[in-house]
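Here's the letter readout for the chains.
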Amino acid sequence: MPEDFGKSGKRGEVTYDTAAETEIETVDTVAVPEISEGSVQADGVSCHAPQERMEAQTRASGNGAVLDQFAKDYPRGPHDKPESMCPAFGSLRVGLRMRRVATVLSGSACCVYGLTFVSHFYGARRSVGYVPFNSESLVTGKLFEDIRDGVHEMADPDRYDAIVVTNLCVPTASGVPLRLLPKSINGVRIIGIDVPGFGVPTHAEAKDVLAGAMLNYARQEVAAGPVPAPVSGRSDRPTVTLLGEMFPADPMMIGAMLAPMGLAAGPVVPCREWRELYAALDCSVVAAIHPFYSASVREFEAAGRPVVGSAPVGVEGTHDWLAAIGAAHGVPAAQIAAAQNAFLPAIKGALAAAPIKGRITLSGYEGSELIVARLLIESGADVAYVGTACAASRWSEADREWLEARGVAVKFRASLADDLAAADGLDPDLVIGTTPVVQHAKQKGTPSLYFTNLISARPLMGPAGAGSLGEVVNAAIAGKARMDKMREFFEGVGEGDTAGIWEGSPNLRPDFREQHQKKLDKAARAAKAQEMI
């Protein structure tokens, strides 16, 4: 085989242009400029700008109220940046799962590409609209005009009930005013939302941004006059709206448990079609199964609907939840007891038939982590730690108190470092968590399960959920010997900087690492000094 030579004729790396000769400019520190009202810079901001500058630019462009509402609805934790996927994926997914709803993104091309890729990876099967821009169209207002022209072109009432337009980071920071879009075009509702990564902490809470905006629009329609009934018709019994995405069998199970009290399960919010929003508002009680839907709760409370937290998981959770729902609706105590007596024995039996033995740490970003932990504990597991990327709320308070009373460490707005520390320090038999947590545990030889795909995507409510986790959890814990065998087999191949197969000794160059750390320390000191000025 002939040897490879570059254009220079020397043996080594093959080159095809002069890109490698480009001089690289290095910057030790990045100063965050102070931006005052009305001082929007002509070159706008990029999606790679520091968070502080993005926030300052957003307020300077007149969008400060949006950030203030986000801070109230989704309070931040010890870390200020999302540690999961782009938050906008949550609202994008809600829109893509609704019938007769079109979705348009306004943001940097790289962000839109990533979001559409992930949405199709999760089976969107639907096009995502995109309004491209450049620096000129962004700062001159032409981007807003392009968005307005785009929704006018798309607004076909034969195809759509609504069009959702989402501002990503850069348009939000630049103040692209989606609120000025027409509320309706040819009978098609137009909904504009801002979902910046520097304002909405998680993709779970971004679902609430869109769900809340849709409920607000639907509530105004209801106040204005009669609205169409759902395609499935209205229930002949008072309904309980279920707040939060869940396994498809769970609403049916909840409906069965509500029947002895003369109630029925209503729509699940986020909804699958526009008319379901009317039915969701036309409920007797709202069950905040997922407790982080702050904007949606605000709309239900504005409509005069009581909201109940927690979920019917396990024996104690189901007992308390049925009692709270019944009390909120004014159901007689005898009917509440009848519902409890009809289902609690079956739940006890299911838990006893699939016991779980072992210590578990659990973390995730779906918002259902606390109720899953309750179910695991009632199944017999020793749950030592629960971390959720979502914030605490009054709707999660009962679950937090129940868990902490049983010695569980509960961490809201948990960071990746928190979850890894729990997996390392609590000596679990099983780690349930997000992708990086699961990867970390497997590298250590600890059995682990991905929360979203293997735990969250299972029935959790009532008798159906009581025995759903035992098989998969016990199978994973029983795989410890297999994990040890794999670690033994790969022993010596290295890890971290020395991972892989080397013909010689790895060239670690700790001096490079030390030099880079000095730059980071210098940048940190400069940022600290800037704060004191």
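Up top is the structure.
Within each chain, residues carry numbers counting from 1 in the order of the written sequence. Per-residue local features are limited, in this predicted model, to residues with pLDDT of at least 70; the limit for side-chain atom pairs, both in listing and counting, is 80 or more; totals at the level of whole chains, interfaces and linings are taken over all residues. No hydrogens and no water enter the side-chain calculation; it runs on all heavy atoms of the structure.

### Brief notes about the overall build of the protein chain
What the protein chain contains, in helices and strands, is 22 helices and 14 strands. Relative accessible area decides the class of each residue, using a 1.4 Å probe on protein chains only: under 20% of the type maximum gives buried, over 50% gives exposed, and in between gives partly exposed. Burial status across the protein chain gives 47% buried among its 533 residues. Taking the contacts inside the protein chain whose residues are at least 6 apart along the sequence as the reference set, 70% of them involve residues at least 24 apart. To qualify as a helix, a DSSP run of H or I must reach at least 4 residues; to qualify as a strand, a run of E must reach at least 2; elements of each kind are numbered from the N terminus. Residue contacts are defined here by distance: any two heavy atoms, one from each residue, within 4.5 Å place the two residues in contact.

### Brief notes about the pairing of strand 6 (residues 239–243)
Among the five residues of strand 6, five are classified as buried, and the element is accordingly described as predominantly covered. Neither face of strand 6 is exposed, since T239, T241 and L243 on one face and V240 and L242 on the opposite face are all buried. If you view a crossover with the strands going away from you and the path from the first strand over the helix to the second runs clockwise, you call it right-handed. Regarding topology, helix 9 (residues 249–258) serves as the crossover connection from strand 6 to the parallel strand 7 (residues 264–269), and that connection is right-handed. Relative to strand 8 (residues 285–287), strand 6 runs parallel, the two being bridged by three bridges. Considered in strand 8, the bridge of V240 is made with V285. Strands pair, by our definition, only if DSSP identifies at least two bridges between them.

### Regarding unusual backbone geometry
A cis geometry characterises the amide bond from V269 onward to P270, with omega recorded as 10 degrees. One non-glycine residue, D427, lies in positive phi territory at about 50 degrees. Along the chain, the position of D427 falls in the loop between helix 16 (416–425) and strand 13 (430–433). Residue D427 is classed as exposed on the basis of its relative accessible area of 63%.

### Here we look at helix 3 (residues 88–96)
With eight of its nine residues buried, helix 3 lies for the most part within the structure. Along helix 3, the residues that are buried comprise A88, F89, G90, S91, L92, V94, G95 and L96. Residues of helix 3 that are buried make contact with strand 1 (101–106), helix 4 (109–121), strand 3 (162–167), strand 5 (188–194) and helix 8 (203–224).

### Some words on the pattern of salt bridges
One speaks of a salt bridge when a side-chain nitrogen belonging to Lys or Arg is within 4 Å of a carboxyl oxygen belonging to Asp or Glu. Within this structure, the stated rule accounts for 23 salt bridges. Ionic pairing is found between E404 and R400, a salt bridge with its closest N-O pair at 2.5 Å. Within this pair, E404 and its partner R400 are both found in helix 15 (residues 397–404), separated by four residues, close to a single helical turn. A salt bridge links D484 to K480; the nearest nitrogen and oxygen atoms lie 3.3 Å apart. Taken as a pair, D484 and K480 lie in helix 21 (residues 480–489) at a separation of four residues, close to a single helical turn. For D484, a relative accessible area of 35% gives the class partly exposed. Judged by its relative accessible area of 34%, K480 falls in the partly exposed class. One connected set of salt bridges, linked through shared partners, spans R97, K207 and E245.

### Things to note about the packing of aromatic side chains
Note on aromatic pairs: the rings of Phe, Tyr and Trp (six-membered ring only in Trp) are paired at centre separations within 6.5 Å, and the planes decide the class, stacked below 30 degrees, edge-to-face beyond 60, tilted for the rest. The final tally for this structure, using the stated rule, is four aromatic pairs. Relative to Y293, the ring of F292 lies with its centre 4.6 Å away and its plane at 25 degrees, an arrangement referred to as stacked. A relative accessible area of 4% places F292 in the buried class. Residue classification places Y293 among the buried residues on the basis of a relative accessible area of 1%. In our convention, an over-ring charge means Lys NZ or Arg CZ found within 6 Å of a ring centre and within 35 degrees of that ring's normal. The positively charged end of R509 is found above the aromatic ring belonging to F512, 4.1 Å away from the centroid.

### A look at the sheet that holds strand 12 (residues 409–412)
Within a beta sheet, neighbouring strands are joined by backbone hydrogen bonds and run either parallel or antiparallel to one another. The strand order 12-11-10-13-14 describes an open sheet built from five strands, whose pairing is parallel. Each having just a single partner strand, strand 12 and strand 14 (448–450) make up the two edges of the open sheet. When strand polarity is set aside, the average angle formed by the axes of neighbouring strands in this sheet is 10 degrees. Pairing between strand 13 and strand 14: three bridges, direction parallel. Across the sheet, the residue bridging to G433 is Y450, located in strand 14. Of the strands in this sheet, strand 10 (359–364), strand 11 (382–388), strand 12 and strand 13 touch helix 16, which is tilted by about 165 degrees from strand 11. Angular values range over 0 to 180 degrees, each being the angle between N-to-C directions of two axes fitted as lines to C-alpha atoms, with helices fitted over their stretch in contact.

### Here we look at the pairing of strand 12
Judged by which residues are buried, strand 12 turns out to be one-sided: V410 and F412 face inward and are buried, whereas A409 and K411, on the alternate face, are not. Both strand 11 and strand 12 contribute to a ladder of four bridges, which runs parallel. By the bridge assignment, G387 is partnered in strand 12 with K411. Following the chain from strand 11 across helix 15 to the adjacent parallel strand 12, one finds a crossover that is right-handed.

### Observations concerning the sheet that holds strand 7
Judged by pairing direction, the sheet is parallel, and its four strands sit side by side in the order 7-6-8-9 without closing on themselves. Lying at the two open borders of the sheet, with one neighbouring strand each, are strand 7 and strand 9 (307–308). With two bridges connecting them, strand 8 and strand 9 associate as parallel partners. Among the inter-strand pairings, V286 is bridged to a residue of strand 9, identified as V307. In this fold helix 12 (residues 314–329) packs onto strand 6, strand 8 and strand 9, with an angle of close to 155 degrees to the strand it touches most, strand 8.

### What to know about the side chain of T166
In this fold, T166 is placed in strand 3. Taking relative accessible area as the criterion, T166 reaches 4% and is therefore assigned buried. Among all residues touching T166, those that are not within four sequence positions of it are S91, V104, L105, S106, L178, I193 and V195.

### Comments concerning the nonpolar core
In this structure, M261, I325, L376, I432, I455, L469 and V473 are the most contacted members of the largest nonpolar core, which totals 58 residues. Discounting residues that sit within four places of it in the chain, L469 has contacts with I356, V372, L375, L376, I455, R458 and L460. Core analysis: the next-biggest nonpolar cluster, separate from the first, contains 54 residues, L105, L115, V209 and F300 among them. Among buried residues, the Ala, Val, Leu, Ile, Met, Phe, Trp, Tyr and Cys ones that are joined through side-chain atoms within 4.5 Å form a nonpolar core.

### Here's the deal with the side chain of R400
At 2.5 Å, the side chain of R400 forms a polar contact with the side chain of E404. Other than its neighbours up to four places away in sequence, R400 contacts L370, V410 and F412. Identification of polar contacts relies on pairs of N or O atoms within 3.5 Å, with a donor-acceptor requirement for protein atoms, meaning one able to donate a hydrogen and the other able to accept it, and with residues adjacent in sequence counted only if both atoms are side-chain atoms.

### Notes on helix 6 (residues 142–154)
One fewer than the residue count of a helix, multiplied by 1.5 Å, yields its expected span. When the terminal C-alpha atoms of helix 6 are compared, their 18 Å separation across 13 residues agrees well with the 18 Å that a helix rising 1.5 Å per residue should span. Inspection of helix 6 places L143, F144, I147 and V151 among the buried residues, and these make up the whole buried set. One face of helix 6 carries all of its buried residues, which in axial projection span an arc of 100 degrees. The directions from the helix axis to the C-beta atoms form the arc being described.

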